[in-house]
Amino acid sequence: KVLTLPPEEIRHALIERDGVRIGAPVPRPPTLIALGLNYKDHAEEGHQPLPESPLLFAKAPACVIGPYDPIPYPQEVQQLDYEVELAIVIGTKARKVSESQAPACIAGFTILNDVSARDIQFRESQWFRAKSFEGFAPMGPVLVTTDQLPDPQNKRVWCAVNGQILQDSNTHQMVFTIHQIVSFISHCFPLLPGDVISTGTPAGVGVFRKPPVLLKPGDLVETGVEGIGVLKNPVVADSG
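Our subject in this report is the structure included herewith. (Residues numbered from 1 in each chain as written. Predicted model: local features only at pLDDT ≥ 70, side-chain atom pairs only at ≥ 80, totals over all residues. Heavy atoms only, no water.)

Points about helix α4 (residues 178-186)
Then, in step 1: Where α4 is concerned, the buried positions are Ile178, Ile181, Val182, Ser183, Ile185 and Ser186.
Then, in step 2: Elements that come into contact with the buried residues of α4 comprise β1 (32-36), β2 (55-58), β6 (84-90), β7 (106-113) and β12 (196-198). (Buried < 20%, exposed > 50% of the residue type's maximum accessible area, 1.4 Å probe, protein only. Helix = DSSP H or I, 4+ residues; strand = E, 2+ residues; numbered from the N terminus. Contact = heavy atoms within 4.5 Å.)

Right, dumping it as structure tokens:
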């Protein structure tokens, strides 16, 4: 038997979207892993050889924010950059799985903006600090299940700053596929439900543009993946 409510009761049950904060679909992933140089066009723009195996680094889970939250511009940073990325969300424990077993371990996909402090990244020998300042991982706007995103290796990925498209590519540019990535990492350590893997960014990042286009307070960064949606994050000065 279907329960129906009168229109006035339905109105009382609804909340205006503008009046609530939308959080990240995985607010604090147990592990937040990212890949460097995983798009052929991005490696080319940086004059870097393609990696022989997935180039992994970590971001602090505490830097995750929602799809519309502000990105603080840290006082310690001089060169703030954007990176649109398709992110994998793990659904079941994956330990030493094959590429053919990897799909069964994936709960779905979301978008992650791998915000980066380029001056710190290029100055230090590892990237953790440069990638992990507060707010450096906007995520969302939703988690789509694998059946809702057919053919994830053929989706448009793009980023715009103040309405200007600066990144515009496709996931078929990935050096290592989604299933290769999950299998590879699972042979390093077990992946657990809720772990997030950000699969790399395509060409068009600000630091490699001529002239460079780096973020500043007041900018609006929009990052999108076909079939998932768009993140819209303003950049604000960190008050400390």
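Some details on unusual backbone geometry
Then, in step 1: Cis geometry marks the peptide bond from Gly140 to Pro141, where omega comes out at -10 degrees.
Then, in step 2: When you line up the elements, Pro141 lands in strand β9 (residues 137-145).
Then, in step 3: The omega angle of the peptide bond from Lys210 to Pro211 is -5 degrees, so this bond is cis rather than trans.
Then, in step 4: If you trace the backbone, Pro211 turns up in the loop between β12 and β13 (220-225).
Then, in step 5: Of note, Lys96 is a non-glycine position whose phi angle comes to about 55 degrees, a positive value.
Then, in step 6: Along the chain, Lys96 turns up in the loop between β6 and β7.
Then, in step 7: Judged by its relative accessible area of 48%, Lys96 is partly exposed.
Then, in step 8: If you check the backbone angles, Asp151 has positive phi at about 55 degrees while not being a glycine.
Then, in step 9: For Asp151, the location among the structural elements is in the loop between β9 and β10 (156-161).

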